[in-house]
Every structure is written in C-alpha cells, then in structure tokens.
Amino acid sequence: MKTSVEVDEKLLGRVKHLLGTETIRDTIRKSFEVVVRQKALEESARLMGKIDVDLTPERIRAQRRARRVPH
C-alpha cells in the first residue's frame, strides 16, 4: 500500500539510528514489527499472571538438599 504522510525528520532520524535501518520504508516496517512483538510479549506476560517467588538463600539450600539422591 502506498500512502503519503508528514514525518518528523528528527524523530525519523532517531528511530533509524535506534533500529539500525537506512530507508524510511525499512524504518516503518521494523517499527511496526517492534510494536507488534512488544504487545505480544506484554499479552503473554499478562496471561501468565504473577508468579510469587519466595527464594531465600536458606530455602534454595533446602531445595538442593531435598533433590540430592543418596548414592
């Protein structure tokens, strides 16, 4: 699809630098990919929920001892 938009050249230059792109077309495509990936990661994190991890050094040692199998 072809379209015409006004683009802030300073912002475009910053985004090109951050993404490592050279053309406007590649910069827009890569920007879209980054946004889609970021939103997918956020959704995955939301779906996984919160994991409560209570790992003190003593609990880690106890878990390691419990996993040891006598020879």
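Residues numbered from 1 in each chain as written. Predicted model: local features only at pLDDT ≥ 70, side-chain atom pairs only at ≥ 80, totals over all residues. Heavy atoms only, no water.

Let us now look at the overall build of the protein chain. Regarding its fold elements, the protein chain presents three helices and zero strands. Overall, the protein chain shows an N-to-C arrangement of helices and strands of α-α-α. Since a compact globule built from 71 residues should have a radius of gyration of about 11 Å, the 23 Å found for the protein chain marks it as more spread out than a globular shape. With respect to the principal axes defined by its C-alpha atoms, the protein chain has extents near 70 × 25 × 25 Å. Here the protein chain holds 71 residues, and the buried ones make up 4% of them. Charged side chains of the protein chain number 17 positive and 11 negative; the gap between the two group centres comes to 9 Å. (Helix = DSSP H or I, 4+ residues; strand = E, 2+ residues; numbered from the N terminus. Rg over C-alpha atoms; globule rule 2.2 N^0.38 Å. Buried < 20%, exposed > 50% of the residue type's maximum accessible area, 1.4 Å probe, protein only. Lys, Arg positive; Asp, Glu negative; His and termini not counted. Charge placed at Lys NZ, Arg CZ, Asp CG, Glu CD.)

What follows concerns the layout of surface pockets. Space inside the largest pocket adds up to approximately 390 Å³. Lining the largest pocket are Met1, Lys2, Thr3, Val5, Val7, Ile24, Arg25, Ile28, Arg29 and Phe32. Tallied by class, residues from the lining of the largest pocket come to six nonpolar, one polar and three charged. (1 Å grid on protein atoms, 1.4 Å probe; cavity = no way out; pocket = protein on both sides within 12 Å on 5 of 7 lines; lining within 4 Å. Points joined across faces, edges and corners; volume = space filled by probe spheres on them. Nonpolar A, V, L, I, M, F, W, Y, C, P; charged D, E, K, R; others polar.)

Further remarks concern the packing of helix α1 (residues 9-19) against helix α2 (residues 24-48). Each pair of packed helices can be described by the angle between their axes along with the distance between the axes. Closest axis-to-axis distance for the α1/α2 pair is 10 Å, and the angle between their directions is 70 degrees. By the angle class used here, α1 and α2 are roughly perpendicular. Handedness of the α1/α2 crossing: left-handed. The residues of α2 that touch α1, namely those facing Leu12, Val15, Lys16 and Leu19, are Ile24, Thr27, Lys30, Ser31 and Val34. (Axes fitted to C-alpha atoms, helices over the stretch in contact; angles between N-to-C directions. Parallel < 35°, antiparallel > 145°, perpendicular 65-115°, else oblique. Left-handed = near helix turned anticlockwise from the far one by under 90°. Contact = heavy atoms within 4.5 Å.)

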